[in-house]
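Per-entry structural report
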Amino acid sequence: MMVDLAKAADVVLMLIDASFGFEMETFEFLNIFQVHGFPKIMGVLTHLDSFKHNKKLKKTKKQLKHSFWTEVSRGAKLFYLSGMPHGEYQNHEIHNLGRFITVMKFRPLTWQTSHPYILADRTRWSPPMSWSRVSSPPTPPLMPR
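In what follows, the accompanying structure is described. (Residues numbered from 1 in each chain as written. Predicted model: local features only at pLDDT ≥ 70, side-chain atom pairs only at ≥ 80, totals over all residues. Heavy atoms only, no water.)

1. Side note on the sheet that holds strand β2 (residues 40-46)
Spatial ordering of the open sheet is given by β1-β2-β3, a layout of three strands whose pairing is parallel. The open sheet has two free edges, formed respectively by β1 (11-17) and β3 (78-80), since each of these has just one partner strand. For this sheet, the mean angle separating the axes of adjacent strands, direction not counted, is 25°. Note: β1 against β2, seven bridges, orientation parallel. By the bridge assignment for β2, M14 is matched with G43. Running at roughly 165° to β1, helix α2 (residues 24-35) makes contact with β1 and β2 of the sheet. Its contacts with the sheet place helix α3 (residues 54-71) against β1, β2 and β3, and it is angled at close to 155° to β3. (Pairing = 2+ DSSP bridges. Helix = DSSP H or I, 4+ residues; strand = E, 2+ residues; numbered from the N terminus. Axes fitted to C-alpha atoms, helices over the stretch in contact; angles between N-to-C directions. Contact = heavy atoms within 4.5 Å.)

Okay, structure coming up:
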């Protein structure tokens, strides 16, 4: 599924758990994107409320920002979601993230423009009309959901 998304995506929001840091899947995901043209990537640090001391929080933010810049590009945008009081992210943080996405400028990716693709959420199989005259039609193939 990651390869399909890498082919079709114009912008990617990469959620990173700040209490854990970068996982191996994050680096695999970035490598797939590099192969397919590297769309706009924005990092979003979550679980910042798990840090008890402000000094450790600032150090972790700085460390993750520099790691993100090393992997993506210098100056790549990194948002911070401070926590989830009452089970939801804070409205002003989500509003700022949404505002930044709406004003973002996209450049056409050469890989996307030179390779046609389709990304289907689900498919529905129906037998051909010629099978309606057969007494026992073959079993339809299993389709993923």
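2. Details of the pairing of β2
With six of seven residues buried, β2 lies mostly within the body of the structure. Alignment of β2 against β3, held across three bridges, turns out to be parallel. Residue pairing for β3: L45 is matched across the bridge by Y80. Tracing the backbone out of β2, into α3 and back to the parallel element β3 gives a crossover that is right-handed. (Buried < 20%, exposed > 50% of the residue type's maximum accessible area, 1.4 Å probe, protein only. Right-handed = clockwise from strand over helix to strand, strands pointing away.)

3. A closer look at the nonpolar core
Membership of the largest hydrophobic core comes to 21 residues, with the highest contact counts inside it found for M14, F33, I41, L45, F68 and V72. Going through the elements one at a time, β1, α2, β2 and α3 are the ones with two or more residues in this core. Among the elements that make up this core, the one with the highest residue count is α3 (four residues). With sequence-adjacent residues up to four places away left out, V72 is seen in contact with L30, F38 and I41. (Core = buried A, V, L, I, M, F, W, Y, C linked by side-chain atoms within 4.5 Å.)

4. So, α3
For α3, spanning 18 residues, the distance from its first C-alpha to its last is 26 Å, which sits close to the expected 26 Å at 1.5 Å a residue. Restricting attention to buried positions, one finds in α3 the residues L57, T60, L64, F68 and W69. One side of α3 carries all its buried residues, which in axial view fall inside an arc of 165°. Of the exposed residues in α3, those oriented more than 90 degrees away from the buried face are K55, K58, K59, K62, Q63 and T70. Against the buried residues of α3 lie β1, β2 and β3. (Expected span 1.5 Å × (residues − 1). Arc of directions from axis to C-beta.)

5. So, the packing of aromatic side chains
Evaluation of the coordinates by the stated rule reveals two aromatic pairs. Ring geometry for F22 versus F27: centroids 5.7 Å apart, planes at 40°, classification tilted. Taking relative accessible area as the criterion, F22 reaches 17% and is therefore assigned buried. Here the aromatic rings of F79 and F100 are separated by 5.5 Å at their centres, their planes lie at 65°, and the arrangement is edge-to-face. Taken together, the residues F79 in strand β3 and F100 in helix α4 (residues 91-102) connect sequence positions 21 residues apart. The ring of F79 carries the charged tip of K77 above its face, separated from the ring centre by 5.3 Å. A cation over a ring is seen here: K77 above F100, with NZ or CZ 5.7 Å from the ring centre. (Phe/Tyr/Trp six-rings, centres within 6.5 Å; stacked < 30°, edge-to-face > 60°. Lys NZ or Arg CZ within 6 Å of the ring centre and 35° of its normal.)

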